[in-house]
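In case you want the letters, here they are:
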Amino acid sequence: MESQARGGTRWRRFGLVMVPSVAATAVIGIALSQGALAASFAVSGQEFKVSADRLVGEGFVQYGTVIRPAGGDHRAVAVSAFDSATITDLCQSVVIPGVPFLGEMTVRIAAGTDPGDPVLAENLFIDLEQLNADAEFTNIDIGVSVDDTTKGPAPSGDTLPGSFAQQADRAVLEGIEQTAWATSAGTFKLTDLSLSLHRGENECF
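If you're wondering where the values come from, they're calculated on a predicted model, not measured in any experiment.

Some words on the overall build of the protein chain
Consideration 1: When helices and strands are counted, the protein chain shows zero helices and nine strands.
Consideration 2: Secondary structure elements in the protein chain, listed N-terminal to C-terminal, are β-β-β-β-β-β-β-β-β.
Consideration 3: Relative to its 205 residues, the protein chain shows a buried fraction of 47%.
Consideration 4: Relative to all contacts within the protein chain whose residues are 6 or more apart in sequence, the contacts with residues 24 or more apart total 82%.

The following block contains the structure:
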């Protein structure tokens, strides 16, 4: 594979380090229909899962960093960021253990079920641990220094100077299944929002 590619590039089920993340926000404390989320916050000790039919992102950058979830050890994550993104048929779930009198519970959020009225996000960052998707990138640069990225939002958090990054003008993902630790966005508009509680494990995938 060349270190840089121009035009459209398509990879199926591309691995963790080389693919952008689907937009999502933390299940607890979500803004109802539109709101601003903090760019930095203490990460909880729970991962969450996200699935979506399709994400179209403009201005993409991805790089590595380290987080420390509450009550846990440091973990390496891939930070994926978009200037803007639209997401169709978004599902997000988190399993909450040990709820008094109820036991294990799953919180699920669904939004953007109408392809003509998708979820909208601006200035989106996500700390990603695992992602499966069909991905297509436009004008992608692979192996650029994190200090010299020119596409997508400016990298935030702790990064190693001169470390690996990639960027693209546009990213399209389909059939998304993702596990993540945290997300922040300047604006996140969730159309047709639905929140539901389920006993036991009832995750998006």
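Some thoughts on the state of the cysteines
Here, the word disulfide means a covalent bond between the sulfur atoms of two cysteines.
Consideration 1: On inspection of all chains with the given rule, the structure shows one disulfide.
Consideration 2: Covalently, cysteine 91 is tied to cysteine 204 through a disulfide, its sulfur atoms 2.0 Å apart. Judged by the sign of its S-S torsion, about -85°, the bond between cysteine 91 and cysteine 204 is left-handed. Within this pair, whereas cysteine 91 is found in strand β4 (residues 90-99), its partner cysteine 204 is found in the segment after β9 (194-199), the two being separated by 113 residues in sequence. Here the two residues cysteine 91 and cysteine 204 agree in accessibility, since each one is buried.

Here's the deal with the confidence of the model for the protein chain
Consideration 1: Model confidence for the protein chain is summarised by a mean pLDDT of 82, while 80% of its residues fall at 70 or above.
Consideration 2: The secondary-structure element of the protein chain with the lowest mean pLDDT is strand β1 (residues 8-12), recorded at 51, while strand β7 (residues 141-145) shows the highest, at 96.
Consideration 3: Counting interchain partners and residues more than four positions distant, the pLDDT-below-50 stretch residues 1-6 has 14 contacts.
Consideration 4: Counted against residues more than four places away or in other chains, residues 11-40, with its pLDDT under 50, gives 108 contacts.

Let's talk about unusual backbone geometry
Consideration 1: Positive phi, close to 55°, is recorded for aspartate 89, a residue that is not glycine.
Consideration 2: If you trace the backbone, aspartate 89 turns up in the loop between β3 (75-88) and β4.

Examining the pattern of salt bridges
A pair can form between side chains of opposite charge whenever their charged atoms are brought close.
Consideration 1: Taken as a whole and assessed by the stated rule, the structure comprises six salt bridges.
Consideration 2: For the salt bridge of lysine 49 with glutamate 203, the shortest nitrogen-to-oxygen distance reads 3.7 Å. Pair noted here: lysine 49 is in strand β2 (residues 48-67) and glutamate 203 is in the segment after β9, with a separation of 154 residues, a long-range link.
Consideration 3: Judged by relative accessible area, which is 22%, glutamate 203 ranks as partly exposed.

Considerations on the environment of alanine 52
Consideration 1: Summarising the element assignment, alanine 52 is placed in strand β2.
Consideration 2: A sequence separation of 59 residues divides alanine 52 from alanine 111, and the C-alpha atoms of the two residues are 9.6 Å apart.

Notes on the pairing of strand β5 (residues 103-111)
Consideration 1: Bridge count for β4 against β5 is eight bridges, and the pairing is antiparallel. Among the inter-strand pairings, cysteine 91 is bridged to a residue of β5, identified as alanine 110.
Consideration 2: Between β4 and β5, which pair antiparallel and follow one another directly, the connecting turn spans three residues, one of which, phenylalanine 101, has a positive phi of 70°.
Consideration 3: The pairing of β5 with β9 spans six bridges and is antiparallel. Residue pairing for β9: alanine 110 is matched across the bridge by serine 194.

Notes on the pairing of β7
Consideration 1: Buried residues dominate β7, accounting for four of its five residues.
Consideration 2: Where β7 lies against strand β8 (residues 164-189), four bridges are found, and the strand directions are antiparallel. Opposite aspartate 141, over in β8, you have glutamine 167 as the bridge partner.

Definitions and limits used
- Residues numbered from 1 in each chain as written.
- Predicted model: local features only at pLDDT ≥ 70, side-chain atom pairs only at ≥ 80, totals over all residues.
- Heavy atoms only, no water.
- Helix = DSSP H or I, 4+ residues; strand = E, 2+ residues; numbered from the N terminus.
- Buried < 20%, exposed > 50% of the residue type's maximum accessible area, 1.4 Å probe, protein only.
- Contact = heavy atoms within 4.5 Å.
- Disulfide = S-S within 2.5 Å.
- pLDDT = per-residue confidence, 0-100.
- Salt bridge = Lys/Arg side-chain N within 4 Å of Asp/Glu carboxyl O.
- Pairing = 2+ DSSP bridges.

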